[in-house]
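Residue strings, one per chain:
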Amino acid sequence: MNAHSDAVAAVAPDDGIAPGELLMDVRNVSLRFGGVKAITDISFDVRKGEIRAIIGPNGAGKTSMLNVINGFYTPQEGTITFRGKQRRAMKPHHAVRQGIARTFQNVALFKGMSTLDNIMAGRSVLMKRNLFWQMLWHGPALQEEIAHRRVVEEIIDFLEIQHIRRTPVGKLPYGLQKRVELGRALAMEPSLLLLDEPMAGMNLEEKEDMSRFIIEVNRQRGTTIALIEHDMGVVMDLSDRVVVLDYGKKIADGPPEAVKSNQQVIDAYLGVAH
Ligand SMILES: Nc1ncnc2c1ncn2[C@@H]1O[C@H](COP(=O)(O)OP(=O)(O)O)[C@@H](O)[C@H]1O
Ligand SMILES: [Mg+2]
C-alpha cells in the first residue's frame, strides 16, 4: 500500500527519527569543477526538526552544497548519510523519494502553468499509478488522484494562495512565485526541505510572510529545513544552528549568537561586498 495514497494532509512523513536526532550527516565532502574547488572537505550534520542555516559570501559554495545533498552533483570525495543510509552518488528523483525536496535560488517553475498545476507537478513524483494503470483499472487511479488533489488544496490554503490558484505563475509578482515554489516542494512531503535563498529579491513585507511560512512549515509539519540566506537578521531569527562557508570551506558552525560574534565570520562578511 502506498503510504501517500490515502493521505489527507501534507506533513513530513514519519521517517522513524526522533526530534533532535541525526537526520543527515555530511562527511568530508569535496566538489570540484575542473580547477574550481567549489567545496573543500566540508562536514556538518542536520538534526531532525531543526532549521539549519547555511550562510557565507557569494561564491562560498552554498548552492553547490545543496546540489550535492539533493543528488544534482556527485562529490569527488566524501559521503552523505540520510536517514541512516550512506550514499555518494544519487539522482535528484531518488532524493525526492528518500524525502528531500528543494527550491531554487532562481525560481524554477513552469511559467505558463497555473499555481495549482505547478504544485500538482510537485505531487506527481509521488504518484504511484501511471497511465497504464489508469487505463487498466480506473478506480484506484481516480482515488489516488482525488487524494493528491486534497493534499494540494490543503497546501494552497496553508500558503494563503487561493486567490491565485488559476493564475499562470509567470504573471505573478516575484514574492508569490517564491511562495508557489515552496508549495511545490511541500507537495513532495519532504522530511528535509532545502531552500536556496527563499527571500532573495523580496521586499520587507514579502520577507516577513516567507519567514512566517518557513516557521509554520517547521513547527506545524515537523519538517526539517536547511536554508541558505543572505539576510543575517532573518538567519538569526529563524535558525537553530548555522554553518558558515567561505571560499568552499567551513569556517564556523554553531548557534546563531556564537556564529555572529565569531571573528572569522565577521572578517569573511566584511571582506566581501554584497
Ligand atoms: N556548474 C558549475 N561549473 C563550474 N563552476 C561552478 C559551477 N557551479 C558553481 N561553480 C563555482 O563554484 C563556486 C561556488 O559556487 P556556488 O555554490 O554557486 O556559491 P554560492 O551559492 O555560495 O554563492 C563558485 O566559484 C562558482 O563559480
Ligand atoms: Mg548560491
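What comes next concerns the included structure. (Residues numbered from 1 in each chain as written. Chains lettered and ligands numbered in written order. Predicted model: local features only at pLDDT ≥ 70, side-chain atom pairs only at ≥ 80, totals over all residues. Heavy atoms only, no water.)

## Quick look at the site of ligand 1
Reasoning step 1: Lining the immediate environment of ligand 1, one finds Phe33, Val36, Ala38, Pro57, Asn58, Gly59, Ala60, Gly61, Lys62, Thr63, Ser64 and Tyr73.
Reasoning step 2: In the environment of ligand 1, an oxygen atom lies 2.9 Å from a nitrogen or oxygen atom belonging to the side chain of threonine 63.
Reasoning step 3: In this structure, a nitrogen atom belonging to ligand 1 sits 3.1 Å away from a side-chain N or O atom of tyrosine 73.
Reasoning step 4: In the complex, the protein chains occlude 62% of the 560 Å² of accessible area that ligand 1 would expose alone.
Reasoning step 5: By residue number, the principal contributor to the shell around ligand 1 is helix α1 (residues 62–69), which donates 3 residues.
Reasoning step 6: Within the shell around ligand 1, the residues separate by chemical class into 6 nonpolar, 5 polar and 1 charged. (Near = heavy atom within 4 Å. Polar contact = N/O pair within 3.5 Å; in protein donor to acceptor, adjacent residues only side chain to side chain. Areas by Shrake-Rupley, 256 points an atom, 1.4 Å probe, with all protein chains shown as cover. Helix = DSSP H or I, 4+ residues; strand = E, 2+ residues; numbered from the N terminus. Nonpolar A, V, L, I, M, F, W, Y, C, P; charged D, E, K, R; others polar.)

## Some points on the environment of asparagine 106
Reasoning step 1: Within the secondary structure layout, asparagine 106 lies in the loop between β6 (100–103) and α3 (115–124).
Reasoning step 2: Taking the C-alpha atoms as reference points, asparagine 106 and proline 198, separated by 92 residues in sequence, lie 9.2 Å from one another.

## Examining the packing of aromatic side chains
Reasoning step 1: Per the stated rule, a full pass over the model turns up 3 aromatic pairs.
Reasoning step 2: Considering the side-chain rings of phenylalanine 33 and tyrosine 73, the 5.0 Å spacing of their centres and the 75° angle between planes classify their relative orientation as edge-to-face. A residue pair is termed long-range when its members are at least 10 positions apart, and phenylalanine 33 in strand β1 (residues 22–33) and tyrosine 73 in the loop between α1 and β4 (77–82) qualify at 40 residues.
Reasoning step 3: Three or more aromatic residues joined by ring pairs make a cluster, and in this case those are Phe33, Phe72 and Tyr73.
Reasoning step 4: For the cation-ring pair, arginine 212 lies above phenylalanine 213, with the distance from its terminal atom to the ring centre recorded as 4.7 Å.
Reasoning step 5: The aromatic ring of phenylalanine 158 is capped on one face by arginine 221, whose charged end is 4.1 Å from the ring centroid. (Phe/Tyr/Trp six-rings, centres within 6.5 Å; stacked < 30°, edge-to-face > 60°. Lys NZ or Arg CZ within 6 Å of the ring centre and 35° of its normal.)

## Quick notes on the sheet that holds β4
Reasoning step 1: With respect to topology, 4 strands assemble into an open sheet ordered β2-β1-β4-β5, the strand pairing being antiparallel. Each end of this open sheet is capped by a strand with a single partner; those strands are β2 (36–47) and β5 (85–87). In this sheet, neighbouring strand axes are inclined to one another by 20° on average, regardless of whether the strands run parallel or antiparallel.
Reasoning step 2: Across 5 bridges, β1 lies against β4 in antiparallel orientation. Note on β4: the bridge partner recorded for methionine 24 is phenylalanine 82. (Pairing = 2+ DSSP bridges. Axes fitted to C-alpha atoms, helices over the stretch in contact; angles between N-to-C directions.)

## Structural notes on the pairing of β1
Reasoning step 1: Looking at chain direction, β1 and β2 are connected through 8 bridges and run antiparallel. Among the inter-strand pairings, aspartate 25 is bridged to a residue of β2, identified as aspartate 45.
Reasoning step 2: In sequence, β1 turns back onto β2 through a hairpin of 2 residues, with glycine 34 there showing a positive phi of about 55°.

## Remarks on the sheet that holds strand β8 (residues 224–228)
Reasoning step 1: Taken in spatial order, the 6 strands line up as β6-β7-β8-β3-β9-β10 in an open sheet, and their pairing is mixed. In this open sheet, the two edge strands, each paired with only one partner strand, are β6 and β10 (249–254). Sheet twist, expressed as the average angle between the axes of neighbouring strands with direction ignored, equals 15°.
Reasoning step 2: Where strand β3 (residues 51–55) and β8 come together, 4 bridges link them in parallel fashion. Bridge pairing links isoleucine 51 to isoleucine 225 in β8.
Reasoning step 3: Along the sheet, helix α7 (residues 204–221) contacts β3, β7 (192–196) and β8; its crossing angle with β8, the most-contacted strand, is approximately 155°. (Contact = heavy atoms within 4.5 Å.)

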